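Reading the structure
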Amino acid sequence: MDKIRVRFAPSPTGYLHIGGARTALFNWLFARHHGGVFILRIEDTDRSRSTEEAIHAIIEAMRWLNLNWDEGPFRQMDRLGRYNEEAERLLASGGAYKCYCTPEELEERRKAALEKKETWKYDRRCLTLTEQERLACELEGKKPVIRFYCPDEGETVIGDHVKGNVVFENANLDDFIMVRADGIPTYNFAVVVDDHDMQITHIIRGDDHLSNTPRQILLYQALGYEVPEFAHLPMILGPDKTRLSKRHGATAVEAYRDEGYLSKALINYLALLGWGYGDQTIFALDELIKKFSLGDVGKSPAVFDPAKLEWMNGVYIRELSVDELALLLKPFLKNAGLTLEMYDEDWYKRLAEITQERLTKLSDIVGLSDFFFHRVEYQPEAVEKVLKKEGVPDILRRVLETLSDSFDFYSDEIEKRLRALVEQMGLKPKLVFQPVRVAVTGRTVSPPLFETIELLGRDTALERLGEAINIINMAN
RNA sequence: GCCCCCAUCGUCUAGAGGCCUAGGACACAGCCCUUUCAAGGCUGCGGCGGGGAUUCGAAUUCCCCUGGGGGCACCA
């Protein structure tokens, strides 16, 4: 087989969507698996909806996901000449014809047909225009569109790699518009010329394109092109089983990045949406490349499950080294305004270490560690439930004394001394540690206590212990 | 309305006629570990949409129904 060439061809009308990312990923995996070429092409022929920002956003997202492309990004708007050439060629051979019907006229006729419960198909009014009538239209200043002359007999078969053979009656297709009145090609035409020119061997895309495929195949044949292979991926759905969209929550890849998802986790999760390899759920990237095949792509649509993505993200966060995690965490802290001069690199690494298995998203670090960066805010509930218990002031005083002793302020040593105190007081560990936790963090839930005390530093820890004692006294 | 696609736990899926008493993962519940929360371990809950047909035997093959999705633009 010739060298495999695939492409991802988004239209730049918004951010890179989860579904688009999945399509890009499958193309990329297929290319990498076969040592082929992955091409990025921007389908920007919809001039009213395409924007430069969207192009940048898509490219950014692709980079973040590490879906590197070998050729491109190509832009369809740069290739207008080619479409023109091919359209002229088809016009000359009778495979296409000019149509002077205006959108308004068409809309009217479409409506009328629908009212009579007839299926609308372009009525070929302009197919039989005489040269004189044509000239008259031109003189009126009408700009024609170019329509494909669609055969009304026979059938077109797609040999799809995931759907199998799909048969369409040509009679159900109509003479669709290839080139708009302004000379810009429509999707169905541009995509065919591009895929041919770029020697695409496999077209892997969402199955929302399945019903467009026969039109495109007919176009390939009319233009004398070799028809490529097709693989139509099942849609990604929201919880209500409709096509995944903003209504269902975040769908932009960059939103996940900003929430603190790791690209590797997103990739792994996306790979499982429509593809599977036995019972396995966690795949390293090279494993994905090695194991990916179109044959293992499922036919049925998949519901996007944010909960599973979250879980998987946690798995990937736990796989990070402490150094890597510390580096990734910093921007999230900074963004939340949580910074403090006194904390050095090592401090952040320790923070990463003690929060690692508690993070499901990088952004979780904010809620988990904010008390390190500003005054304690005692949660009323925590004060009520823990600090106001019998004997707590005494316990906190004893802890304060213990931590005031001169010793190296490390978690191991802190733990040793506090456990000794617990022993000495003859209390259950929990009875001592929970009040201490609330005293130094303001709440009942926190990272591991002794490490937290260490990271707070002796001064702050003692200060907060004292503050807690005051609060209790004042309440009484 | 017309055309096309799809159908196993709530979700992602394994399953290509007997290995299925339908397996795994997420979620959920319980227990263990434990200074909290996590993480981890164990256990549990939970499914082949319905009807025919083929077969000694069907989640697996075929047909119909139902349900869901997609397309039918001078959008892609």
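Residues numbered from 1 in each chain as written. Chains lettered and ligands numbered in written order. Predicted model: local features only at pLDDT ≥ 70, side-chain atom pairs only at ≥ 80, totals over all residues. Heavy atoms only, no water.

1. Description of the overall build of chain A
Applicable threshold: Only runs of H or I of at least four residues qualify as helices and only runs of E of at least two qualify as strands under DSSP, and these elements are numbered from the N terminus. Summary of the burial criterion: residues with accessible area below 20% of their type's maximum are buried, those above 50% are exposed, and those between are partly exposed, where the area comes from a 1.4 Å probe applied to protein chains only. Here, residues are in contact when the closest pair of their heavy atoms is within 4.5 Å. Surface accessibility follows the Shrake-Rupley procedure with a 1.4 Å probe radius. Residue values consider only the protein chains on display as shielding.
The number of helices and strands found in chain A is 20 helices and 12 strands. Here the C-alpha coordinates of chain A stretch approximately 105 × 45 × 40 Å along the principal axes. Counting only residues that meet the buried cut, chain A has 50% of its 476 residues in that class. Sequence-distant contacts, at least 24 apart, represent 76% of the contacts inside chain A between residues at least 6 apart. Surface exposure of chain A reaches about 23,500 Å², of which carbon and sulfur atoms provide 49%.

2. Description of the packing of helix α17 (residues 411-425) against helix α19 (residues 449-456)
Quick reminder of the rule: In this analysis an axis means a line fitted to C-alpha atoms, helices contributing only their contacting stretch, and an angle means the value between N-to-C directions, from 0 to 180 degrees. Here is the rule for angles: anything less than 35 degrees is roughly parallel, anything more than 145 is roughly antiparallel, 65 through 115 is roughly perpendicular, and the remaining ranges are oblique. Crossings are classed by handedness, with left-handed meaning an anticlockwise turn of the near helix from the far one by less than a right angle and right-handed meaning a clockwise turn.
Running from amino to carboxyl end, α17 crosses α19 at an angle of 120°, the nearest separation of the two axes being 8 Å. One element, α17, and the other, α19, form an angle in the oblique class. The two elements α17 and α19 cross, and the hand of that crossing is right-handed. Listed contacts from α19 to Ser411, Ile414, Glu415, Leu418 and Arg419 of α17 are Phe450, Glu451, Ile453 and Glu454.

3. Observations regarding helix α4 (residues 103-115)
The criterion, for reference: Expected span, for any helix, means 1.5 Å times one less than how many residues it has. It is the directions from the helix axis to the C-beta atoms whose arc is reported.
In a regular helix each residue adds 1.5 Å, so 13 residues correspond to 18 Å; α4 covers 18 Å between its end C-alpha atoms and thus fits that length. Those residues of α4 that sit buried are Leu106, Arg109 and Ala113. With its buried residues spanning 70° around the axis, α4 presents them on a single face. Away from its buried face, by an angle of more than 90 degrees, α4 presents the exposed residues Pro103, Glu104, Glu108, Lys111, Leu114 and Glu115. Buried residues in α4 make contact with β5 (145-148). Phi turns positive, to about 55°, at Lys117, one or two residues after α4.

4. Quick word on the packing of α17 against helix α18 (residues 429-441)
A packed helix pair is summarised by two numbers, namely the angle formed by the two axes and the spacing between the axes. Heads up, the condition is: Each residue is assigned to one of three groups, with Ala, Val, Leu, Ile, Met, Phe, Trp, Tyr, Cys and Pro labelled nonpolar, Asp, Glu, Lys and Arg labelled charged, and all others, Gly among them, labelled polar.
The interhelical angle for the contact between α17 and α18, taken along N-to-C directions, is 130°, at an axis separation of 9 Å. The orientation of α17 with respect to α18, classified from their angle, is oblique. Crossing geometry of α17 relative to α18 is assigned as right-handed. In contact with Leu418, Arg419 and Val422 of α17, α18 contributes Pro429, Val432 and Phe433. Per-class residue counts for the contact of α17 with α18 are five nonpolar, no polar and one charged.

5. Examining the environment of Phe409
Summarising the element assignment, Phe409 is placed in the loop between α16 (392-404) and α17. Along the backbone, Phe409 and Arg134 are 275 residues apart, and their C-alpha atoms lie at a distance of 92 Å. Those residues in contact with Phe409 that sit more than four places away from it in its chain are Leu403, Ile414, Ile453, Glu454, Gly457, Arg458 and Ala461.

6. Observations regarding the sheet that holds strand β1 (residues 5-8)
Selection rule: Only when DSSP finds a minimum of two bridges between them are two strands counted as paired.
The three strands are arranged β1-β2-β3 in an open sheet whose pairing can be described as parallel. Where the open sheet ends on each side, the last strands, each with one partner, are β1 and β3 (71-75). Taking each pair of neighbouring strands and ignoring which way they run, the sheet shows an average axis angle of 25°. Relative to β3, strand β2 (residues 37-42) is paired through three bridges, and the arrangement is parallel. Each residue of the ladder has a partner; that of Arg41, found in β3, is Phe74. Contacting β1 and β2, helix α1 (residues 18-34) crosses the sheet at an angle of about 165° to β1.

7. Side note on the packing of aromatic side chains
To be explicit about the condition: Any two rings among Phe, Tyr and Trp, with Trp reduced to its six-membered ring, count as a pair given centres within 6.5 Å; such a pair is stacked if its planes are under 30 degrees apart, edge-to-face if over 60, and tilted if neither. Charge-over-ring contacts are defined here by two conditions on Lys NZ or Arg CZ: a distance within 6 Å of the ring centre and an angle within 35 degrees of the ring normal.
With the rule as written, the count across this model stands at 18 aromatic pairs. Note on Tyr256 and Tyr261: the rings are 5.2 Å apart at their centroids and 65° apart in plane angle, and the pair reads as edge-to-face. With relative accessibility at 7%, the residue Tyr256 sits in the buried group. Taken together, the ring pairs connect Tyr343, Trp347, Tyr348, Phe371, Phe372 and Phe373 into an aromatic cluster. One cation-aromatic arrangement involves Arg147 over Tyr122; the distance from NZ or CZ to the ring centre is 3.6 Å.

8. Describing the protein's contact with RNA strand B
Our working rule: Each residue is tested against the molecule or strand, and it is near if at least one of its non-hydrogen atoms lies within 4 Å. In protein, a polar contact means a hydrogen-donor-capable atom and an acceptor-capable atom, both N or O and within 3.5 Å, with residues adjacent in sequence counting only if both atoms are side-chain atoms; elsewhere, any N or O pair within 3.5 Å suffices.
Looking at RNA strand B, there are 58 residues lining it, with Thr45, Arg180, Glu357, Arg358 and Arg437 nearest. Separating a phosphate oxygen of RNA strand B from a side-chain N or O atom of Arg110 is a distance of 3.3 Å. Within the contact set of RNA strand B, a phosphate oxygen lies 3.0 Å away from a side-chain nitrogen or oxygen of Lys241. Taken together, the elements giving at least two residues each to the surface near RNA strand B come down to α4, β7 (164-169), β12 (302-303), α11 (306-319), α18 and α19. Partitioned by chemical class, the residues of the surface near RNA strand B number 22 nonpolar, 17 polar and 19 charged.

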